[in-house]
Amino acid sequence: MPAAFSIFDNISPDEYEQMMACFHAVKRQYLPGETIVSYGTGSSLIGILLEGEATATRTHPDGRQTILERLERGNIFGEPLSTASDISLVQIICQKKAAVQFIDYSHLMKRCPKACPFHSQLVSNALQLLSQKAVRLSERLDILSQRTIRAKLSFYFLLMSKKEQSSSFDLPFSMSDLADYLSVDRSAMMRELKKMKEEGLLSIQKRRVTVCGKR
């Protein structure tokens, strides 16, 4: 799998250090299960995931959780970028030990008074990442539009297979998190997966899924 695109691509280490000093950026570390940020506070900070993994999770009033997006190294997040209808219910949760660089949104988008070429590169990279976020959102809407649990699973596995260019791939989620991402009941999802395995449609070893192609 190709390395994840980063907002700092084509920016040298020296340019990165200059930029972070100019932006008064702050770097923080997080452990699995920790909340990196909660939306709804009016924060103008943008987070850049330098290491680790995280999820954008929405907690419903009844306590249910829905995973809106999986974030990996190089991805960006923040309240100014959120498309959620009620951002006060959204949190970014660390899944694997993470390092996050925080910068103010205004520094990212405003015109640099020094006309630094690497600042222009940063903005270009940010726009590309936002485009990728739009694609991921579209993919998730396609998944949620499927009418049955089997259809949601099949569509999601098809997307994963295409991204990995292989019929076998590792799930980025635990089964509980996968159910949250698909917005389905975990027990019902596990029953459907069992049926799909019995029918020879796929095999699962821990998080390793192989789509067998049988219909």
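Refer to the structure above for everything that follows.
Thresholds applied
- Residues numbered from 1 in each chain as written.
- Predicted model: local features only at pLDDT ≥ 70, side-chain atom pairs only at ≥ 80, totals over all residues.
- Heavy atoms only, no water.
- Axes fitted to C-alpha atoms, helices over the stretch in contact; angles between N-to-C directions.
- Helix = DSSP H or I, 4+ residues; strand = E, 2+ residues; numbered from the N terminus.
- Parallel < 35°, antiparallel > 145°, perpendicular 65-115°, else oblique.
- Contact = heavy atoms within 4.5 Å.
- Nonpolar A, V, L, I, M, F, W, Y, C, P; charged D, E, K, R; others polar.
- Expected span 1.5 Å × (residues − 1).
- Buried < 20%, exposed > 50% of the residue type's maximum accessible area, 1.4 Å probe, protein only.
- Core = buried A, V, L, I, M, F, W, Y, C linked by side-chain atoms within 4.5 Å.
- Pairing = 2+ DSSP bridges.

### Looking at the packing of helix H3 (residues 117-144) against helix H5 (residues 175-182)
Between two packed helices, the angle of one axis relative to the other and the distance separating the axes together describe the packing. Packing of H3 against H5 brings their axes to within 9 Å, and their N-to-C directions diverge by 90°. Between H3 and H5, the angle falls in the class roughly perpendicular. The segment H3 lies against H5, with Arg140, Ile143 and Leu144 engaging Asp180, Tyr181 and Leu182. Taken together, the residues that form the contact of H3 with H5 break down as 4 nonpolar, no polar and 2 charged.

### Quick notes on helix H4 (residues 149-164)
Its 16 residues place the ends of H4 23 Å apart at the C-alpha level, agreeing with the 22 Å of an ideal helix rising 1.5 Å per residue. When we look at burial in H4, the residues that qualify are Lys152, Leu153, Tyr156, Phe157, Leu159, Met160 and Ser161. Elements in contact with the buried residues of H4: H3, strand E7 (168-170), H5, helix H6 (186-198), strand E8 (202-205) and strand E9 (208-211). At the C-terminal side of H4, Gln165 shows a positive phi close to 55°.

### Quick word on the nonpolar core
Generally speaking, nonpolar side chains in soluble globular proteins are found buried as a group. Within the largest apolar cluster, 23 residues are counted, with the highest numbers of intra-cluster contacts made by Leu153, Tyr156, Phe157, Leu171, Leu178, Leu182 and Met189. Those elements that provide at least two residues to this core are H4, H5, H6 and E8. Apart from the residues within four sequence positions on either side, Met189 is in contact with Ile149, Leu153, Met175, Leu178, Ala179, Leu182 and Val184. With 20 residues, the next largest nonpolar core counts Ile11, Leu50, Leu122 and Ala126 among its residues.

### Comments concerning the environment of Lys110
Considering the arrangement of structural elements, one finds Lys110 in the loop between helix H2 (105-109) and H3. The class for Lys110 is partly exposed, based on a relative accessible area of 43%.

### Quick word on the sheet that holds E8
With antiparallel pairing, the 3 strands of this open sheet are ordered in space as E7-E9-E8. Both edges of this open sheet fall to E7 and E8, since each of them pairs with a single strand only. Strand-to-strand twist across the sheet, computed as the mean angle between neighbouring axes with direction ignored, equals 20°. Summarising the sheet, E7 and E9 pair through 3 bridges and their orientation is antiparallel. Residue Asp170 lies in a different strand from E9, and its bridge partner there is Arg208.

### So, unusual backbone geometry
Of note in the backbone geometry, Gln165 takes a positive phi value of approximately 55° without being a glycine. On the secondary structure map, Gln165 appears in the loop between H4 and E7. Exposure remark for Gln165: the relative accessible area of 74% places this residue in the exposed category. At Ser183, a position not held by glycine, the phi torsion is positive, near 60°. The topology assignment puts Ser183 in the loop between H5 and H6.

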